[in-house]
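# Notes for the structure review
Spelled out from the first residue to the last, the chains are:
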Amino acid sequence: MTSPLDTTIHEPDFAASEIKHLLFSLDRARATFAWKVDGLSADDLHRRSVPTTTMTLGGLLKHLALCEDRFTSEYLLGEPYPEPWASVDGSPWEWGWTSSLDDSADDLYGLWSAAVERARPAWRGAIGDGGLDQPTKVVFG
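Here is a short report on the structure shown in this document.

Conventions used here
- Residues numbered from 1 in each chain as written.
- Predicted model: local features only at pLDDT ≥ 70, side-chain atom pairs only at ≥ 80, totals over all residues.
- Heavy atoms only, no water.
- Helix = DSSP H or I, 4+ residues; strand = E, 2+ residues; numbered from the N terminus.
- 1 Å grid on protein atoms, 1.4 Å probe; cavity = no way out; pocket = protein on both sides within 12 Å on 5 of 7 lines; lining within 4 Å.
- Points joined across faces, edges and corners; volume = space filled by probe spheres on them.
- Nonpolar A, V, L, I, M, F, W, Y, C, P; charged D, E, K, R; others polar.
- Buried < 20%, exposed > 50% of the residue type's maximum accessible area, 1.4 Å probe, protein only.
- Polar contact = N/O pair within 3.5 Å; in protein donor to acceptor, adjacent residues only side chain to side chain.
- Contact = heavy atoms within 4.5 Å.
- Axes fitted to C-alpha atoms, helices over the stretch in contact; angles between N-to-C directions.
- Parallel < 35°, antiparallel > 145°, perpendicular 65-115°, else oblique.
- Left-handed = near helix turned anticlockwise from the far one by under 90°.

## Quick look at unusual backbone geometry
Excluding glycine, residues mostly carry a negative phi; peptide bonds, for their part, are mostly trans. Geometrically, the link from Glu83 to Pro84 is a cis peptide bond, its omega value of 10 degrees lying close to zero. By the element assignment, Pro84 lies in the loop between helix 3 (57-77) and helix 4 (92-99).

Dropping the structure here:
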C-alpha cells in the first residue's frame, strides 16, 4: 500500500530568514511523521497500539489532523473548526482518537494531508502579513 503523504523536505539556505527556518522546522516534523506512517495498512494503523495505552497510529494521524486545523483555524485565523471537527457532538479531542478505528487508512492519510495543506498557506500568509510577533486571534482567560 502506498499513501499520498509527502515525505520530502527542502532545507532553506543557512542564511535564510528566521521565518523560513521556522516553517522548515514545522515541515521537517511533518515529513518525519509522514515517513514513519507512510504506507501502513489499516491493520498496522488500527490494531497495534502503543504499549501500556490504547493509542494507535491511526488515532495519532487523526489527532494531528485536528491539531493542524485547531491551531490554524482557531488560533491563527480566528475561524471555527472545519469539517469533520465542526460536526462532532462533544469534544473533537476525544472523538478523534476513538473514531479513527472506523476510518480507512486512505481516509486517515487524506484527512491529515488536507489539514497540512490548509495550514501551510495560512501560516505563510499570516507571517507575511504581520511577522512572528503579531498576536493570535484567540483570547485566553
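## As for the layout of surface pockets
Its volume calculated, the largest pocket comes out at about 220 Å³. Taken together, Leu22, Leu23, Leu26, Leu76, Trp123, Ile127, Gly131, Leu132, Gln134, Pro135 and Thr136 make up the full set of residues lining the largest pocket. At the level of secondary structure, the elements contributing two or more residues to the lining of the largest pocket comprise helix 1 (18-37) and helix 5 (105-130). When residues of the lining of the largest pocket are assigned to their parent elements, the largest contribution, 3 residues, is made by helix 1. In terms of residue class, the lining of the largest pocket is made up of 8 nonpolar, 3 polar and no charged.

## A closer look at the side chain of Arg120
Inspection of the secondary structure assignment puts Arg120 in helix 5. You can call Arg120 buried: its relative accessible area is 17%. Within the structure, Arg120 has its side chain in polar contact with the side chain of Glu117 (distance 2.6 Å). Setting aside residues up to four positions removed in sequence, Arg120 forms contacts with Asp27 and Arg30.

## A look at the environment of Ser100
With respect to the secondary-structure elements, Ser100 resides in the loop between helix 4 and helix 5. Judged by its relative accessible area of 0%, Ser100 falls in the buried class. Ser100 sits 43 residues away from Leu57 along the chain, and the two C-alpha atoms are 9.4 Å apart. Those residues within four positions of Ser100 in sequence are excluded, and the remaining contacts are His46, Thr56, Gly58, Gly59, Lys62, Trp95 and Leu108. At 3.0 Å, the side chain of Ser100 and the backbone oxygen of Trp97 are in polar contact.

## Quick look at the side chain of Ser99
Residue placement: Ser99 occurs in helix 4. Among the polar contacts made by the side chain of Ser99, one reaches the main-chain carbonyl oxygen of Trp95 at a distance of 2.7 Å.

## Examining the packing of helix 3 against helix 4
For the pair helix 3 and helix 4, the least separation of the axes is 7 Å and the interaxial angle reads 150 degrees. With respect to helix 4, the element helix 3 is oriented roughly antiparallel. Classified by chirality, the crossing of helix 4 by helix 3 is right-handed. Between helix 3 and helix 4, the residues in contact are Gly59, Leu60, Lys62, His63, Leu66, Cys67 and Arg70 and Pro92, Trp93, Trp95, Gly96, Trp97 and Ser99, respectively. Counted by class, the contact of helix 3 with helix 4 contains 7 nonpolar, 4 polar and 2 charged residues.

That is the geometry; function is a separate question.
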